[in-house]
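# Structural characterization, general
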Amino acid sequence: MHISSYRASVMFRALCWIALVASTAGLSTVMFSVPVQAREAVTYSGPEAPGTVVIRTKERLLYFVVGEGRAIRYPVGVGRSGKQWFGSTSIVSKHVRPAWAPPEDMMAGRPYFVIPSGAPNNPMGAAALVLADHELAVHGTNKPSSVGGFVSSGCIRMHNDDVTDLFERVRVGTRVVISH
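Below you will find a few notes about this structure. Owing to the predicted nature of the structure, the values given are computational and were not obtained by experimental measurement. (Residues numbered from 1 in each chain as written. Predicted model: local features only at pLDDT ≥ 70, side-chain atom pairs only at ≥ 80, totals over all residues. Heavy atoms only, no water.)

## With respect to the overall build of the protein
- In terms of regular secondary structure, the protein is built from three helices and 11 strands.
- Its helices and strands taken in sequence order, the protein reads α-β-β-β-β-β-β-α-β-β-β-β-α-β from the N to the C terminus.
- Taken across its 180 residues, the protein has 38% of its residues classed as buried.
- When contacts within the protein are restricted to residue pairs at least 6 apart in sequence, those whose partners lie at least 24 apart make up 60%.
- Of the accessible surface of the protein, which amounts to about 10600 Å², a share of 57% is contributed by carbon and sulfur atoms. (Helix = DSSP H or I, 4+ residues; strand = E, 2+ residues; numbered from the N terminus. Buried < 20%, exposed > 50% of the residue type's maximum accessible area, 1.4 Å probe, protein only. Contact = heavy atoms within 4.5 Å. Areas by Shrake-Rupley, 256 points an atom, 1.4 Å probe, with all protein chains shown as cover.)

Next comes the structure, spelled out in structure tokens:
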């Protein structure tokens, strides 16, 4: 059966409206989810101070709190089961088009190697925000289809345009909260 693009658009908007109404009504369980496709400014009611990055792994969303009940929301890919980390940390360095070397737990006896900056197989993408003490980063990706899934060995993946946008908004020392 073929659904016209107009009908698909109407159906998508209806599903988004239902999800919005359910979330504002305080319903904790929604029977379906509509994946977020792009960053957007949204209402935010968490306790975090403006300038904080909040990552909600269950939602596969990152929020940059801007204040006055608002945040910028970005879709992200998060760690697979058993590879997620939760807690509070901070950004310790920022890098544009970084080279990549696998962390120790990914080496599995292989010799040390580095994928150079800008290489097509470099998993870091356009930029990286390195997090304190965990060999983890919030970074771009060379696989944009992975954004929105449980896909990494613990890092947070963003679309390259989104990580570039966030890179300009944060500084070294920015607080990062990762929750379920």
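Having seen the model, we can carry on.
## Focus on the sheet that holds strand β10 (residues 156-157)
- In space, the nine strands of this open sheet follow the order β1-β4-β3-β2-β11-β6-β7-β8-β10, with mixed pairing throughout. Only two strands of the sheet have a single neighbouring strand rather than two, namely β1 (40-43) and β10.
- The pairing of strand β6 (residues 87-96) with strand β7 (residues 127-131) spans five bridges and is antiparallel. Looking at β7, one finds that S93 is bridged to V130.
- Sitting on the sheet, helix α3 (residues 160-169) touches β2 (53-56), β3 (61-67), β4 (70-75), β6, β7 and β8 (137-139), and the angle it makes with β4 is about 145°. (Pairing = 2+ DSSP bridges. Axes fitted to C-alpha atoms, helices over the stretch in contact; angles between N-to-C directions.)

## Notes on the packing of aromatic side chains
- Taken as a whole and assessed by the stated rule, the structure comprises two aromatic pairs.
- With centroids separated by 5.5 Å and ring planes inclined at 45°, the aromatic side chains of Y44 and Y63 adopt a geometry described as tilted. Of the two residues, Y44 sits in the loop between β1 and β2 while Y63 sits in strand β3, which places them 19 residues apart along the sequence.
- The ring of Y63 has R56 sitting right over it, with the charged end atom 4.9 Å from the ring centre.
- The ring of F167 is capped by K94, whose NZ or CZ atom sits 4.4 Å from the centre of that ring. (Phe/Tyr/Trp six-rings, centres within 6.5 Å; stacked < 30°, edge-to-face > 60°. Lys NZ or Arg CZ within 6 Å of the ring centre and 35° of its normal.)

## Regarding the environment of R169
- Within the element layout of this structure, R169 appears in helix α3.
- On a C-alpha basis, the gap between R169 and F64 in space is 8.5 Å, while along the polypeptide they are 105 residues apart.
- Once residues lying within four places of it in the same chain are set aside, the contact partners of R169 are F64, I72 and Y74.
- In this structure the side chain of R169 is engaged in a polar contact, spanning 3.5 Å, whose partner is the side chain of Y74. (Polar contact = N/O pair within 3.5 Å; in protein donor to acceptor, adjacent residues only side chain to side chain.)

## Description of the pattern of salt bridges
- Applying the stated criterion across every chain yields a total of five salt bridges.
- The residue R73 makes a salt bridge to E40 at a minimum N-O spacing of 2.2 Å. Taken together, the residues span a long stretch of sequence, with R73 in strand β4 and E40 in strand β1 at a distance of 33 residues.
- Its relative accessible area of 17% is what places R73 among the buried residues.
- Residue E40 is classed as partly exposed on the basis of its relative accessible area of 36%.
- Among the salt bridges present, the one from E59 reaches R56, with a minimum N-O distance of 3.7 Å.
- E59 sits in the partly exposed class, given a relative accessible area of 36%. (Salt bridge = Lys/Arg side-chain N within 4 Å of Asp/Glu carboxyl O.)

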